[in-house]
Amino acid sequence: MVKSTPRALKLENLNILIDAVSQKYRTYGPVAKDGENAWEEVKADGELSLGCAATMLPAKHILQPVRLDLYSFKSSGGFQIEEPGFDEKIALFGVSPCDVNAILALDRVFGGRFVDPYYWQRRENALIVASNCTESAEESFCTSWDTGPELYSDYDLLITELADGYLLEVGSQRGKVVVNGLNLPGATQEDLKEKASRLDAARAATKKRLPVPPDDLHQLFEERYDHPIWVPNAEVCFSCGNCTFSCPTCFCFDIRDEVKPSRKEGVRNLEWDSCQLLEFAEVAHHANFRRLRIDRFKHRTIHKLSWMKQQYGLTGCVGCGRCVRWCPSWPVRRGRITSLADPVEIIADMLEPPEKVEGVERPGGVIV
Amino acid sequence: MTANSNSNQKVKAAVFKFTCCAGCQFALLHFFDQQVETLELLDFVYFKMARRKELDEPYELAFIEGGVSAPEHIEQLKAIRKQAKTLVAFGACAAHGGVPAIKDWQTEIDVEERAYPDPLLVSSMKVSPVDEFVKVDHYLRGCPIDEVEFMEMIRSIAADKRPYVREHPVCLECKLKNNICILLMREGVQESMCLGPVTRGGCRVVCTSNMRACFGCRGPMSNPNIAEMVRTFKGKGFSGKDIEMRFTEYAGLSAEFREGARAYYERKAPYYKRKAA
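Please read these numbers as outputs of a predicted model, since none were measured by experiment. (Residues numbered from 1 in each chain as written. Chains lettered and ligands numbered in written order. Predicted model: local features only at pLDDT ≥ 70, side-chain atom pairs only at ≥ 80, totals over all residues. Heavy atoms only, no water.)

Caption draft 1: How the structure looks around the overall build of chain A. Regarding its fold elements, chain A presents 13 helices and 13 strands. Taken over the C-alpha trace, chain A has a radius of gyration of 22 Å; the compact-globule value for 368 residues is 21 Å, and the two agree within 12%. Taking all 368 residues of chain A together, 55% fall into the buried category. Long-range contacts, defined as pairs at least 24 residues apart, comprise 71% of the intrachain contacts of chain A with a sequence gap of at least 6. Put simply, chain A shows about 16200 Å² of open surface, and 50% of that area lies on carbon and sulfur atoms. Taken together, the 45 basic and 53 acidic charged side chains of chain A have centroids lying 3 Å from each other. (Helix = DSSP H or I, 4+ residues; strand = E, 2+ residues; numbered from the N terminus. Rg over C-alpha atoms; globule rule 2.2 N^0.38 Å. Buried < 20%, exposed > 50% of the residue type's maximum accessible area, 1.4 Å probe, protein only. Contact = heavy atoms within 4.5 Å. Areas by Shrake-Rupley, 256 points an atom, 1.4 Å probe, with all protein chains shown as cover. Lys, Arg positive; Asp, Glu negative; His and termini not counted. Charge placed at Lys NZ, Arg CZ, Asp CG, Glu CD.)

So, in C-alpha cells, the structure goes:
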C-alpha cells in the first residue's frame, strides 16, 4: 500500500463523503443493530454508528464471506469448472485502527506463501476509509499493541471526529480520486492540533493494558506452556468458537463439495471454521490433534498472542476486545468476574507462579 | 441403497410415526411444496399424512418419527429395521425422546392418572429414543427438522455417501448471522436462558434470530461443556428447577443434558480458587 502522505481536509458532515464513496463503491459500514454495531451496507450518514464500540463481527466477513461458493464443476464430456467471479468494488467505511491492522495481518496470511485469489478479488480493489477512535471502549487494549486509537498509515482515507465536523486525511491515490471532485477546504493547524489532543485523550482513557511488553510474550508462553492454570481455564471453556468468529485476525475456513445426487455436477464452497471445535483438527480414522478442550484453548490463546507473530510477523491480537465481549463464560479470577477469553487476564494468569495455583492437577493427568 | 442417475431409480421411502406430535411429517409435506427435488429423489410408498395407501410394498429407507412409549412399538420398530436398509431418526422425539419424554422424570402412574380415568387401561412405558432399541444410521434432529439438513440427507442417501452434518454449537451460526448474544445481553430475565453454547447447530438459528433463547431441541453438540452451562445459569440467578426444566425440555434423555439436569443438585459448580498471596 502507498505510505501515507497526509493531505488534510475539513469535512462538515459525513454524508458528503458517503455519497462520494458510494457512487464508485459498494459501501459497508458499522450500523446499529439490536443495541450493538454490525457491518452492513450503508447509504446515508444517519445509519452509520462510528466510535470505538467494536462491531459484533469484524469487517473481515465482507472481505471473506462466511459462506462462499468458490466454483461449480461439471463432468459432461470432460471436466468443466465455472467460477462466479467478482467484479464489484467494495468500500469499508469507518474501519477502526485496530481493524485496519487486523486486515493487514489477513493480507499477510492470504498473500504470503500461498495466495488466496478469493480473498484478493475483494480485497484488491477495496477502499479503506478508516476512522480514528476519539473515545475508548472498556474492553479494548489497543494501546498495548500500538494498533490504536490512532492509525498512522495503510489507509485510503482517514477520518477523525472533531468538535465541528471531521478531519479527512488522504492516504493513497485511490482515496485522492474519491475526494478530488468534492472541493473540500483544507484543514487548519487548529484542526490538526484538535485531532492530536482528542487522540491523546482517547489514549489516556484506554486503561486496560497488557501486563507484559508484547515482545516478551513468546518467551512467557514457551516457558510456561505447562502452567497448571491452563486446567481451570479450560474447564470453564465452552469450546463454542465465539472468540474466534468475532476475532478480526482469525482466518480458518473449511472447504467442502456439495455434489448433486447425479454425481456429475456440484459446487465447491467455503465456510468459516474454528479451532475451538472438536472436529476442526480431526483427520482420518477419527484421529484428532486437539481432542482435549485444554489443547484447543491453549492453541487459540498462544496462536493469537505469540505464534502468529512468529509465523507472519504481525501480531495476531490487535486489542479490539471482541473476544472479551462475546465469550459466554465469565469465571472469577483474582476476586473479580472476568471474561474467560480476555488475553489480558490470561497473561496475568500466566504470570502467577505455578506453585501458587491450588487444587488442579498437571495437564495430562486430567481430561478436561 | 444405490440409486444412480443412470438407472433413474427413486429411493423407496416410508414414514412411520410413534410418540410425537407429527409436526416433522408436516414439515416434510411443506418441503414437497418448497423442494421439488424431494419427490424427484424419493418415492414414498408409505406416508400416512400424504397418501391413503397402506404399506404393501418393500422400502429401502425408513424415517422414524417420534419416541418409543409402548411395548408394541418395539416389535414394530424391529420389523422396520429388518426391512429398511437405511433408518433415519426423524426429529427431536426420535433422536432424544423430545417433549413426550418429559414424563420420564415423573412417576409413571402419576402421569397416567392425570390423563386416563383408569391407569389399567393403558400399557404405557417411559419414552425412549429410537436408538435405545435399534441401530440408527442417520439422525435428523430438531423440533421440527431443518429443511437444508433434510435435503442434504436425502441427496446423500440417493448418492450413497455419508451426509455432511456439522456438530458445531448453535453459537457458531448465531455469530455468523451477526446476531446479538442472548445469553450475555438479556441479563436476569427468563429469556436469557440460552442453551446455545452446548446445543448442536444446524437449525439456522431460527429462535435466537427472533430473540428467543435456544431450547436445546437438537440435543448436545460434540463435547459440550455442560458443567459450565449449569454454572453460568446458576450465576445468572436461575433456580435448580429452572435449570432442570431447561435441560429436560427437548433432549433430556441424552446423556449430556441428563448430566446438566442433575448437575445442579449433585455437585458444586466448578469455581476454582487460588491461595492468598
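Caption draft 2: Representation of the interface of chain A and chain B. Facing 51 residues of chain A, the contacting portion of chain B comprises 45 residues. Across the chain A/chain B interface, buried area totals approximately 4300 Å², and carbon plus sulfur atoms make up 55% of it. Scanning the region where chain A abuts chain B turns up 3 salt bridges. Seen at the junction of chain A and chain B, the total is 11 residue pairs in polar contact (both at pLDDT 80 or more). The biggest single contributor to the side of chain A that touches chain B is helix 9 (residues 230–235) of chain A, with 4 residues. Across the side of chain A that touches chain B, the residue classes tally to 23 nonpolar, 7 polar and 21 charged. (Buried area = accessible area lost by both parts, 1.4 Å probe. Salt bridge = Lys/Arg side-chain N within 4 Å of Asp/Glu carboxyl O. Polar contact = N/O pair within 3.5 Å; in protein donor to acceptor, adjacent residues only side chain to side chain. Nonpolar A, V, L, I, M, F, W, Y, C, P; charged D, E, K, R; others polar.)

Caption draft 3: Structural view of the side chain of asparagine 242 of chain A. Take asparagine 242 of chain A: it is sitting in helix 10 (residues 242–245). Here asparagine 242 of chain A falls in the buried class, since its relative accessible area comes to 2%. In this structure, asparagine 242 of chain A is in contact with Trp326 and Pro328 of chain A together with Cys171 and Lys175 of chain B, ignoring residues within four places of it in sequence.

Caption draft 4: Geometry of the packing of helix 1 (residues 14–24) of chain A against helix 6 (residues 173–180) of chain A. All names here are of chain A. For the pair helix 1 and helix 6, interaxial distance at closest approach is 9 Å and the crossing angle is 115°. With respect to helix 6, the element helix 1 is oriented roughly perpendicular. The element helix 1 and its partner helix 6 pack so that their crossing is right-handed. Contacts between helix 1 and helix 6 pair Leu17, Ala20, Val21 and Lys24 from the former with Val177, Val178 and Val179 from the latter. By residue class, the composition of the contact of helix 1 with helix 6 is 6 nonpolar, no polar and 1 charged. (Axes fitted to C-alpha atoms, helices over the stretch in contact; angles between N-to-C directions. Parallel < 35°, antiparallel > 145°, perpendicular 65-115°, else oblique. Left-handed = near helix turned anticlockwise from the far one by under 90°.)

Caption draft 5: Quick look at the sheet that holds strand 4 (residues 67–75) of chain A. All names here are of chain A. Here 4 strands make up an open sheet; going across it, the order is 5-4-11-10 and the pairing antiparallel. Single-partner strands in this sheet number two, and they are strand 5 (79–82) and strand 10 (253–259). Neighbour-to-neighbour, the strand axes of this sheet turn through a mean angle of 20°, independent of strand direction. Sheet topology note: the strand 4/strand 11 (residues 265–272) ladder contains 7 bridges and is antiparallel. What sits directly across from arginine 67, in strand 11, is glutamate 271. (Pairing = 2+ DSSP bridges.)

Caption draft 6: Geometry of the side chain of histidine 96 of chain B. Of note, histidine 96 of chain B is situated in helix 4 (residues 92–96). When residues no more than four places from it in sequence are discounted, the contact partners of histidine 96 of chain B are Pro129, Arg141, Arg218, Gly219, Pro220, Tyr250, Ala251, Leu253 and Ser254 of chain B.

Caption draft 7: A look at helix 5 (residues 108–115) of chain B. All names here are of chain B. Residues of helix 5 that are buried: Glu108, Val111 and Glu112. The arc that holds every buried residue of helix 5, seen down its axis, measures 95°, which confines them to one face. Pointing more than 90 degrees away from the buried face of helix 5 are the exposed residues Glu113 and Arg114. (Arc of directions from axis to C-beta.)

Caption draft 8: Up close: the domain arrangement of chain B. Residues and elements named next belong to chain B. Splitting chain B by domain gives domain 1 (11–159) and domain 2 (170–266). Computed from C-alpha atoms alone, the centre-to-centre distance between domain 1 and domain 2 is 25 Å. Counting residues at the interface gives 19 residues for domain 1 and 20 residues for domain 2. Counting the surface lost from both domain 1 and domain 2, the interface buries some 1400 Å², and carbon and sulfur atoms represent 59% of this. By the criterion of area lost to domain 2, the three top residues of domain 1 are His96, Trp105 and Arg141, representing 47% of everything that side buries. Where domain 1 meets domain 2, there are 2 salt bridges. Ionic pairing is found between glutamate 149 and arginine 218, a salt bridge with its closest N-O pair at 2.5 Å. Applying the counting rule to domain 1 against domain 2 returns 4 residue pairs in polar contact (both at pLDDT 80 or more). Considering each element in turn, the side of domain 1 that touches domain 2 owes the most residues, 3 residues, to helix 6 (residues 147–159). (Domains from an automatic or database assignment.)

Caption draft 9: Molecular detail of the domain arrangement of chain A. Residues and elements named next belong to chain A. When its domains are assigned, chain A resolves into domain 1 (7–205) and domain 2 (214–356). Between domain 1 and domain 2, the C-alpha centre-to-centre distance is 26 Å. On the domain 2 side, the residues contacting the 38 residues of domain 1 number 41 residues. The partner of arginine 325 in a salt bridge is glutamate 36, with the nearest N and O atoms 2.5 Å apart. Of all elements in the fold, only helix 2 (60–63), strand 4, helix 3 (97–110) and helix 5 (142–145) reach the threshold of two or more residues within the side of domain 1 that touches domain 2. Among the elements that make up the side of domain 1 that touches domain 2, the one with the highest residue count is helix 3 (10 residues). For the side of domain 1 that touches domain 2, the class distribution of residues is 20 nonpolar, 9 polar and 9 charged.

Caption draft 10: Representation of the pairing of strand 11 of chain A in the model. Residues and elements named next belong to chain A. In this structure, strand 10 lies alongside strand 11, joined through 7 bridges in antiparallel fashion. Bridge pairing links phenylalanine 253 to tryptophan 272 in strand 11. Between the end of strand 10 and the start of strand 11, which pair antiparallel, lie 5 residues, with arginine 263 showing a positive phi angle near 65°.

Caption draft 11: Layout of the confidence of the model for chain A. All names here are of chain A. On average, chain A scores 88 in pLDDT, and the residues at 70 or more come to 94%. Under a pLDDT of 50 for its full length, residues 1–5 has, in the predicted model, 12 contacts with residues more than four places off or in other chains. Taken as a whole, residues 361–368 scores under 50 in pLDDT and shows 15 contacts with residues more than four places along the chain or in a different chain. (pLDDT = per-residue confidence, 0-100.)

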